[in-house]
Amino acid sequence: MRESMEFDVLIVGGGPAGLAAAIRLKQLAAEKGSDISVCLIEKAAEIGAHILSGAVMDPRALNELIPDWKEQGAPVTTAVTEDRVIFLNETRGRKVPTGLLPDCFLNHGNYIVRLGNVAKWLGEQAEALGVEVYPGFAGAEILFDETGAVKGVATGDMGVTREGEQGPAYQPGMELHAKYTLFAEGCRGHLGKQLEAQFNLRNGVDPQTYGIGLKELWEVPAERHEPGVVVHTTGWPLPSDTYGGGFVYHLEDKLVAIGYVVGLNYTNPHLSPFEEFQRYKTHPEIRKYLEGGKRLAYGARAIAAGGLQSQPKLVFPGGALIGDDAGFLNAARIKGSHAAIKSGMLAAEAAFGAVAAERQRDELAAFPEAFRSSWLYEELHKTRNFKPYMKKGLWMGSLLFGIDQKVLKGKAPWTLHNSADHDKLKLASECPKIDYPKPDGVLTFDRLSSVFLSNTNHEEDQPCHLQLKDTSVPIAVNLAKYDAPEQRYCPAGVYEIARDESGSNPRLQINAQNCVHCKTCDIKDPTQNINWVVPQGGEGPIYQGM
Amino acid sequence: MKILVPVKRVVDYNVKVRVKADGTGVDIANVKMSMNPFDEIAVEEAVRLREAGIATEVVAVSCGVTACQETLRAAMAIGADRGILVETDVELQPLAVAKLLKALCDKEQPTVVIGGKQAIDDDSNQTGQMLAALMGWPQATFASKVTLGDGVATVMREIDGGLETLEIKLPAVVTTDLRLNEPRYATLPNIMKAKKKPLDTVKPADLGVDIAPRLATLKVAEPPKRSAGVRVADVAQLVDKLKNEAKVI
Amino acid sequence: MAILVLAEHDNQTIKAATLNTVAAAAKLSGEIHVLVAGANCAAAASEAAKIAGVAKVRVSDAAHYESHTAENVAALVVALVANEVAGYSHILAPSTANGKNVAPRVAALLDVAQISDVTGIESADTFVRPIYAGNAMATVKSSDAVKVLTVRTTAFEAAAMLANEGGAASIEPLAAGLDLGLTTLKGRELTKSARPELGAAKIIVSGGRGLGSGENYHKLLEPLADALGAALGASRAAVDAGYVPNDYQVGQTGKIVAPQLYIAVGISGAIQHLAGMKDSKVIVAINKDPEAPIFQVADYGLVGDLFEVAPELTSALA
């Protein structure tokens, strides 16, 4: 029997969106002299531990949320001093003159942050305002009331064995009920996915389109460190028909964040985002920042890149999707934390108004309305055609998007459309194999030594949180047609094709303990046969300011 | 019967620590901290003894920075009844902690102190033994089974190559080994309840204890990396090397 | 000033850990005394006198030292330190379950710090020891008058045993202290299983995915482990593949082991596995892939087909 508890507002997910919503709710209550109970749950062991982002942050939303964030000690300290956008070919790079760059590529006034640290700090602000913050608890199940409206979530059971039985340490989850539940799970939230289906939130919008971002944190020699410098690259090592690019952000304390994003609409099943990232680091233009340094951390996370036209309906009876759970990221600006914060604030304002008016479990129509008249809508509208242009290939896409932004100022009378990522793979037999270089253990690494640095961990004796709808598909379809692409797109080595000693009888081995919760498998599996669900609360990576 | 359980806030078990480039220590800024796993076992054991009706109260104690409150809340979420924080920013070494705990034992008069055998940060494995010495109490370290009787405790303890069973007079200090129990998951309702349990804060000076460190850390370095050795051609050569060069068989 | 080493013994013989501890003591300057506290322990005492470098053996023979309980032994050591004319600058015990039980109690009674698991002696007051499960090495300096150390035995080559009858060291009796009567030993149960426990084993034979199946694991590795008196371990990949249960697992999420000899068979050497066994004294790797990362940490690497090599090794050792 599960215990339950009632709140005015429940927030599922402690990233920038969820925490901004929590903070805004408490601020409004304080302003109005009323009280509102707000509970926030987070599947990571602590706030910020599942956050992975570049990240360059536009402080616009933070200025609105906590105007005195500097005085309050926000870990937002490294102002961007220079933008470098570089087109790479195999041996050299060509820097794009700053004057040619669309505004969305310019970061003057923005900050390079470790977003996990920002989230941790926002969590402290939320707790200080009286939000009940519970890291270590995953929203495992959506709860509906008798009218079909969302009435909250249940946290996952603990101590269930691999076979699904109640083990000696079994503890049932808890039901958290609320007048409104805000889902802020980040990109491809597993509850968000269910809500989209349950309430037909994707009717009339384009499919979402995604990228996988891989990132490492390095400590580099002082002479290679240029605090405040933001480098974005495109081109090599990806072929020009594959969307993606890299970044190098020079943080404080001799730290450099380096990462690579690959669009998940790639077509060659032999492609490995992880290996692309590793060889990316060997380019002379990139290597020069890292040589003599030491890799400190690694992680990966999927991002939603579809923009406005891929955004689902934001509200449903009893709640709303916020942040990247609803695809608020601005792919053209290569940032989303400001959008996440703003969306959380707008949803909070709508929820607060509704609770104050003694409403509950209806649609928070005020949220999408407020979004539509916000600067955030204007910003996302301006860059809405970025990702679709990029489908035309790197060179044509850059040219068209450049014209769109520089000449038409994002006001082109057309809106281009997105399509789903999972059905883009071509047959393995029709695609060139890619010969990736072996890791050198200094600049480039293998998957497992990388996963090691994510601090990820999962109890072994629990049901596998990577569910196969049909257990024959991995071999009969994925291996037969696509040479089991999950072996390569998974950045954590979760999926392996194991064979017996004679090399026959292939089977899919799922090393669920390695999972870094990036959700790529849930997105890219060609027949959507893999369903990512939450493991026990508190598990998964423990990122330290990623 | 009152049980006192010392709990330490340490770098989380799953986090790989990194030695700072300047050699002054390991980098624990922004690192996830948790309760020392052996202490978690100690709390679990104490709570089980209370649930079995043998103990009446479980008091968790933590010595260190303000954030050790979280560790005490975690202990209370497992089931400790209340917490005492001995708050200080000074680096605490095992002897100092033992002295602080002695002062609290003098005040609280527990029948048993159950603590972890060692903390996973400094790996000292000393505090329980030191506390027992200072109190003049018996000690049963590395416990894998604890039975409390009338005035005595029977403790099975892990020794090299097996187990031994000691009968110790109470009051006493017991330190836990891994196999003693499997700590429960702290449930959300219990974490909520733990927020409301009493937590007192005292300062080392209030207890009249000198906590000055006796050891100065001069340097912290990465362990030497293993390097690849030699390739042997066949089994005969391998056996020869193991017998005559490495002398391990 | 002299140095006192607490002997590990079973009243009849001196345990090997004592020899390593004497070797550590020899890195300090001062006469080395060995304390043998036990019951009917004359045989152990005369053996202690044969350890190279030992000047004096102090024997305290009384019934209440039979089981080496920390309370009585610590009180005896403290009394000895107080009464020794030369004075003791250092007290050393091996980092065994027994040494770790007694040494902190001695230190607290002397009101000094204790320094655990010493792996290096830099000077009379400066020592190196592992912290964070060996992921960092700390160099610490003591400001106490008496330094109480436990010594990681694998870090110091054992002192030699002298062949001459009677030994070089003098044997002096030491009056027993009072029986504090705080603790009674009720029984000892030494593991009888032919195969030692993974965490305590001196030799470990560990298998990985290269074995191909659970059946092969048992067929190939059990005879090898039997031949060596070794414990059996496995990589996570082998555990995940269902070859052996989870408690065989060596590595970051499994057990961390540091035996004298670790033989990795068909283990590629993922970092998680290496994290769990890199402190082993000698590592042997048998793998058909010459590029396997395990070879980067192996003292002896044998590239070959484990299905041939493992049985061959077993018969070579049998």
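The rules behind these values
- Residues numbered from 1 in each chain as written.
- Chains lettered and ligands numbered in written order.
- Predicted model: local features only at pLDDT ≥ 70, side-chain atom pairs only at ≥ 80, totals over all residues.
- UniProt positions renumbered as here; feature names shortened; annotations may be inferred.
- Contact = placed C-beta atoms within 7 Å.
- Helix = DSSP H or I, 4+ residues; strand = E, 2+ residues; numbered from the N terminus.
- Nonpolar A, V, L, I, M, F, W, Y, C, P; charged D, E, K, R; others polar.
- Core = buried A, V, L, I, M, F, W, Y, C linked by C-beta atoms within 7 Å.
- Buried ≥ 20, exposed ≤ 12 C-beta atoms within 10 Å, placed from the backbone.
- Domains from an automatic or database assignment.
- Pairing = 2+ DSSP bridges.
- Axes fitted to C-alpha atoms, helices over the stretch in contact; angles between N-to-C directions.
- Right-handed = clockwise from strand over helix to strand, strands pointing away.

- If you look chain C up in an unreviewed UniProt entry, it shows as Electron transfer flavoprotein subunit alpha/FixB family protein from Aromatoleum toluolicum.
- According to its UniProt record, chain C has this under Sequence similarities (unreviewed entry): "Belongs to the ETF alpha-subunit/FixB family."

## Some points on the interface of chain B and chain C
Right, so step 1: Each partner contributes residues to the interface: chain B has 60 residues there, and chain C has 66 residues.
Right, so step 2: Put simply, the parts of the chain that give the side of chain B that touches chain C at least two residues each are helix H3 (94–108), helix H4 (127–135), strand E7 (139–148), strand E8 (152–159), strand E9 (162–169), strand E12 (215–221), strand E13 (230–231) and helix H6 (235–245) of chain B.
Right, so step 3: Of the residues assigned to the side of chain B that touches chain C, the class counts are 32 nonpolar, 13 polar and 15 charged.

## Topic: the nonpolar core
Across soluble globular proteins, nonpolar side chains show a tendency to be buried alongside one another.
Right, so step 1: Residues Val9(A), Ala21(A), Leu182(A), Ala347(A) and Ala351(A) are the most contacted members of the largest nonpolar core, which totals 219 residues.
Right, so step 2: With twelve residues, helix H7 (residues 337–356) of chain A is the largest single contributor of residues to this core.
Right, so step 3: Once residues within four sequence positions are removed from consideration, Ala347(A) is found in contact with Ala21(A), Leu182(A), Ala320(A), Ile322(A), Leu364(A) and Phe367(A).
Right, so step 4: In this structure, Val155(B), Leu180(B), Val36(C) and Ala70(C) belong to the second largest nonpolar core, which totals 133 residues.

## Topic: the domain arrangement of chain A
Frequently, the measure chosen for interface size is the accessible area that the parts lose on association.
Residues and elements named next belong to chain A.
Right, so step 1: Domain boundaries in chain A define domain 1 (4–67 + 116–207 + 308–385) and domain 2 (445–532).
Right, so step 2: Here the C-alpha centroids of domain 1 and domain 2 sit 29 Å apart.
Right, so step 3: The interface is formed by nine residues belonging to domain 1 together with eight residues belonging to domain 2.
Right, so step 4: Residue classes in the side of domain 1 that touches domain 2 are distributed as two nonpolar, five polar and two charged.

## Some details on the sheet that holds strand E14 (residues 261–265) of chain C
Right, so step 1: Spatial strand order, E13(B)-E16(C)-E15(C)-E14(C)-E12(C)-E13(C): six strands in an open sheet with parallel pairing. In this open sheet, the two strands that pair with only one neighbour each are E13 of chain B together with strand E13 (231–234) of chain C.
Right, so step 2: Pairing of strand E12 (residues 203–207) of chain C with E13(C) involves four bridges; the strand directions are parallel. From the neighbouring strand, Gly207(C) faces E13(C), where its bridge partner is Ala234(C).
Right, so step 3: The strands touched by helix H5 (residues 214–228) of chain C within the sheet are E12, E13 and E14 of chain C, with E12(C) carrying the most contacts at an inclination of about 170 degrees.

## Description of the pairing of strand E15 (residues 282–287) of chain C
All names here are of chain C.
Right, so step 1: In terms of burial, E15 is largely enclosed, as six of its six residues are buried.
Right, so step 2: Because side chains alternate across E15, one face comprises the buried residues Val282, Val284 and Ile286, and the other comprises Ile283, Ala285 and Asn287, equally buried.
Right, so step 3: Handedness of the crossover joining E14 and E15 through helix H7 (residues 271–277): right-handed.
Right, so step 4: The pairing of E15 with strand E16 (residues 300–303) spans four bridges and is parallel. Counted as the bridge partner of Asn287 is Val303 from E16.

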